[in-house]
Amino acid sequence: MYRFLDTLYILIYYIQNHFLFIELCQVLSHMLPSAYTLFHPGQNWRFQHPFASFFHLFFRVVAIVVYLLCEWVSKSFTSCFVLIITLLSFDFWSVKNVTGRLLVGLRWWNQIDEDGKSLWVFETSRGQNIGTETEARIFWLGLIICPLIWTFFFFTSLFSLKIKWLSLVVASISFQAANLYGYLRCKAGGQEGQPPHTSSFTGQRFLQRVSD
Amino acid sequence: PDWFHWTRTSFTEASRPFAGLSDVSISEDIPVEGDISVPVGSSRRDEEFSTLDEPVKETILRDLRAVGNKFIHVLYPKRSSALLRDWDLWGPLLLCVTLALLLQGGAADNDDQGGPQFAEVFVIVWFGSIIITLNSKLLGGTISFFQSLCVLGYCIMPLTVAMIVCRLVLLGSSGTVSFAVRLIVVTASFGWSTFASTAFLADSQPPNRKALVVYPVFLFYFVIGWMVLTFSPSQ
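In the annotation of an unreviewed UniProt entry, the entry for chain B reads Protein YIPF, and the organism field reads Sphaeramia orbicularis. Here is the UniProt Sequence similarities (unreviewed entry) comment for chain B, exactly as written: "Belongs to the YIP1 family."

Per an unreviewed UniProt entry, chain A goes by Golgi apparatus membrane protein TVP23 homolog and derives from Sphaeramia orbicularis. Its UniProt record gives chain A a comment under Sequence similarities (unreviewed entry), which states: "Belongs to the TVP23 family." Under the UniProt heading Subcellular location (unreviewed entry), the note attached to chain A is "Membrane".

Next up, the structure:
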């Protein structure tokens, strides 16, 4: 309970004393109409991958809720830690392997060549199965807001000197920030322009596939 | 098929990003060769997820099989491609959590929730692995950052097994005999861990630097082994 109150007090302190809060409100007011369209049927209310959208947000939000309510539910730091790490592992895996591809058509991974060099690959797809505009908004909002919330928790636990929770928050931030960074690089790579000679490239890939 | 529409930008760790693949003729010295000669694994990825249900299960099973495969490779440590080529950090995470849970409930806890001890294990394992990896990279190792973390994490498995054995032994008795048994088990598993990880890590170093790389690994597993050996359950 004390941790929840700490969070609340620090939030109120910053609201009263920081002009940045005004700008945050402006950003949120721009985003709220989009959030409104998520829940009201209108022109943009289409879901091509409802399960992917749900699970994209589910594990992240539940992890944050568990962190805030942990002390009411169970007295044990250990079980809270293990539960949050488990939820965030599921979230990391599902966002990296499933929801990114389905909702926005982006994919990233690391592969090692034969000579042992490490290669990071970022892919963009323009295929037919990509999610709608609504789902893309859900994806990016979920991807960006949750690491920001965990960063906020980092500062609250740091300033309230609850150091053992700090290790949990650092682990959570590393999970969330890894996916955010990977998808931002995919997005940046996609906007640098598409290759004009795709025919020869895909032709070679087609030969590769045929010969497999 | 969907893979027709995938466009790809790739980055090696040493090169700066190039603007798409707009000019194939530039590709002589940039490793587009590694890009075009696509390993079978990624063409398999292209065919996945045409439907949501089945391929998710397949991907989960594939990842689980990869993790299990690596555990088996730790049991027979020889330089194989499994731990190095397809690195993943799920195994180390699982081992770290298991080890931290097993180290709970000790007499050293002054906090009834076992909090500091749990977070300590996490910090020691991950921070220690990162430091060793940085050390080996600064000494000019060819192994990549995540590969090294993967190897060090998976090689904690013998010490986790030793922890399970120690807890079982401590259920029986806490005397000198049990201490001798635990000492033997922990020393054996510590030697096994160090040997397994140096089999992978030392190969990536020039010969005159091998001792400099092995020493921190030795220290790392020594600290973990010490935590395992000095664990005593609270009465």
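There's plenty left to go through after this.
Novice: When you look at the overall build of chain B in this model, what are you seeing that I'm missing?
Specialist: For chain B, the count of helices and strands is ten helices and one strand. Split into buried and exposed, the 235 residues of chain B put 47% on the buried side. For chain B, the accessible area works out to roughly 11800 Å², and carbon and sulfur atoms hold 66% of it.

Novice: Teacher, can you tell me more about the overall build of chain A here?
Specialist: Scanning chain A from N- to C-terminus turns up seven helices and two strands. Helices and strands appear in chain A in the N-to-C order α-α-α-α-β-β-α-α-α. A buried classification covers 45% of the 212 residues belonging to chain A. Across chain A, every contact between residues at least 6 apart in sequence was considered, and the portion connecting residues at least 24 apart equals 76%. Per element, the accessible surface of chain A, about 11300 Å² overall, is 71% carbon and sulfur.

Novice: Any chance you could explain the state of the cysteines here in plain terms?
Specialist: Covalent bonding between the sulfur atoms of two cysteines is what defines a disulfide. This structure, assessed with the given rule, holds one disulfide over all chains. Each disulfide pairs two cysteine sulfurs, and for Cys70(A) the partner residue is Cys80(A), the sulfurs being separated by 1.9 Å. One end of the pair, Cys70(A), is in helix α3 (residues 50–73); the other, Cys80(A), is in helix α4 (residues 77–104), with ten residues separating them in the sequence. Each member of the pair, Cys70(A) together with Cys80(A), is buried. Cysteine Cys155(B) shares no disulfide, and the gap to the nearest cysteine sulfur, in Cys150(B), comes to 8.8 Å. The exposure class assigned to Cys155(B) is buried, which follows from its relative accessible area of 0%.

Novice: What's the story with the UniProt feature "transmembrane region" (unreviewed entry) in chain A in this structure? I'm lost.
Specialist: The sites that carry the UniProt feature "transmembrane region" (unreviewed entry) are, in the present numbering, residues 20–39, 51–70, 76–93 and 138–159 of chain A. Helix and strand shares over residues 51–70 of chain A are 100% and 0% respectively, and the end C-alpha atoms of the span are 27 Å apart.

Novice: I'm lost on the nonpolar core in this one. Help?
Specialist: Counting 59 residues, the largest nonpolar core has Tyr67(A), Ile84(A), Trp150(A), Leu99(B), Phe122(B) and Tyr221(B) as its most contacted members. Counting residues per element, this core draws most heavily on α4(A), at eight residues. Setting aside residues no more than four positions away along its own chain, Ile84(A) makes contact with Ala63(A), Val66(A), Tyr67(A), Trp150(A), Leu168(A) and Ser172(A). Core analysis: the second largest hydrophobic core is formed by 28 residues, Ala52(A), Trp108(A), Ile112(A) and Trp120(A) among them.

Novice: Would you explain helix α7 (residues 145–154) of chain B in this entry?
Specialist: Side chains of residues three or four places apart in an α-helix project in the same direction, reflecting 3.6 residues per turn. Of all ten residues in α7(B), eight are buried, a share of seventy percent or more. Listed as buried for α7(B) are Gln147(B), Ser148(B), Leu149(B), Cys150(B), Val151(B), Leu152(B), Gly153(B) and Tyr154(B).

Novice: I tried to follow the confidence of the model for chain A on my own but got confused; where do I start?
Specialist: Interpretation of the predicted coordinates at a detailed level should be avoided for regions scoring low in pLDDT. All names here are of chain A. Per-chain confidence: chain A averages 77 in pLDDT, with 73% of residues scoring 70 or above. Taken element by element, the predicted model of chain A shows its lowest mean pLDDT in helix α7 (residues 198–211) (37) and its highest in helix α5 (residues 133–159) (91). Low pLDDT, under 50, characterises residues 192–212; the predicted model gives this stretch 31 contacts beyond four residues in sequence or across chains.

Novice: Before we go on, may I ask you to explain the side chain of Arg182(B) in this structure?
Specialist: Inspection of the secondary structure assignment puts Arg182(B) in helix α9 (residues 176–201). Here Arg182(B) falls in the buried class, since its relative accessible area comes to 7%.

Novice: Looking at this structure, I do not really get helix α8 (residues 157–172) of chain B. What am I missing?
Specialist: Given a rise of 1.5 Å per residue, 16 residues ought to cover 22 Å, and the 24 Å separating the end C-alpha atoms of α8(B) matches this to within 8%. Looking at α8(B), one finds that the buried residues are Met157(B), Pro158(B), Leu159(B), Thr160(B), Ala162(B), Met163(B), Cys166(B) and Leu170(B).

Novice: Is there a simple way to think about the environment of Gly140(B) in this case?
Specialist: Residues and elements named next belong to chain B. Inspection of the secondary structure assignment puts Gly140 in the loop between α6 (115–138) and α7. Overall, Gly140 belongs to the partly exposed group, its relative accessible area being 44%. The spacing of Gly140 and Gln205 is 65 residues in sequence and 7.0 Å in space, taken between C-alpha atoms. Setting aside residues up to four positions removed in sequence, Gly140 forms contacts with Ser204 and Gln205.

Novice: What's the story with the pattern of salt bridges in this structure? I'm lost.
Specialist: Oppositely charged side chains are able to pair whenever their charged atoms sit close together. Residues and elements named next belong to chain A. What the rule picks out here adds up to four salt bridges over all chains. When the shortest N-O distance is used, the salt bridge between Asp91 and Arg60 registers 2.8 Å. Taken together, the residues span a long stretch of sequence, with Asp91 in helix α4 and Arg60 in helix α3 at a distance of 31 residues. Summarising the burial analysis for this pair, Asp91 and Arg60 share the class buried. Where Arg107 meets Glu123, a salt bridge forms, and the shortest distance between an N and an O atom there is 2.7 Å. Linking Arg107 in strand β1 (residues 106–112) with Glu123 in strand β2 (residues 118–125), this pair joins segments that are 16 residues apart in sequence.

What counts and what doesn't
- Residue positions are given per chain, counting from 1 as you read along its sequence in written order.
- Each chain takes a letter, starting from A, and each ligand takes a number, starting from 1, following the order in which they are written.
- Given that the model is predicted, a residue must reach a pLDDT of at least 70 before its local features are reported, and side-chain atom pairs must reach 80 or more before they are shown or counted; all residues, however, enter totals for whole chains, interfaces and linings.
- The side-chain numbers reported here are obtained from all heavy atoms of the structure, hydrogens and water having been left aside.
- UniProt positions are given in the numbering used here, feature names are shortened, and annotations may be inferred rather than shown by experiment.
- In DSSP terms, a helix is any run of H or I states spanning at least four residues, a strand is any run of E spanning at least two, and both are numbered starting from the N terminus.
- Only protein chains enter the accessibility calculation, which uses a 1.4 Å probe. A residue is then buried if its area is under 20% of the maximum for its type, exposed if over 50%, and partly exposed in between.
- In these tables, accessible area is a Shrake-Rupley quantity obtained with a 1.4 Å probe, and a residue counts as shielded only by the protein chains included in the view.
- What makes two residues a contact is simply this: any of their non-hydrogen atoms within 4.5 Å.
- The definition used for a disulfide is geometric: two cysteine sulfur atoms within 2.5 Å.
- Residues belong to one nonpolar core when they are buried, are Ala, Val, Leu, Ile, Met, Phe, Trp, Tyr or Cys, and are joined through side-chain atoms within 4.5 Å.
- A residue's pLDDT is the confidence the predictor assigns to it, expressed on a 0 to 100 scale.
- Expected span of a helix: the number of residues minus one, times 1.5 Å.
- A side-chain nitrogen of Lys or Arg and a carboxyl oxygen of Asp or Glu constitute a salt bridge if their distance falls within 4 Å.

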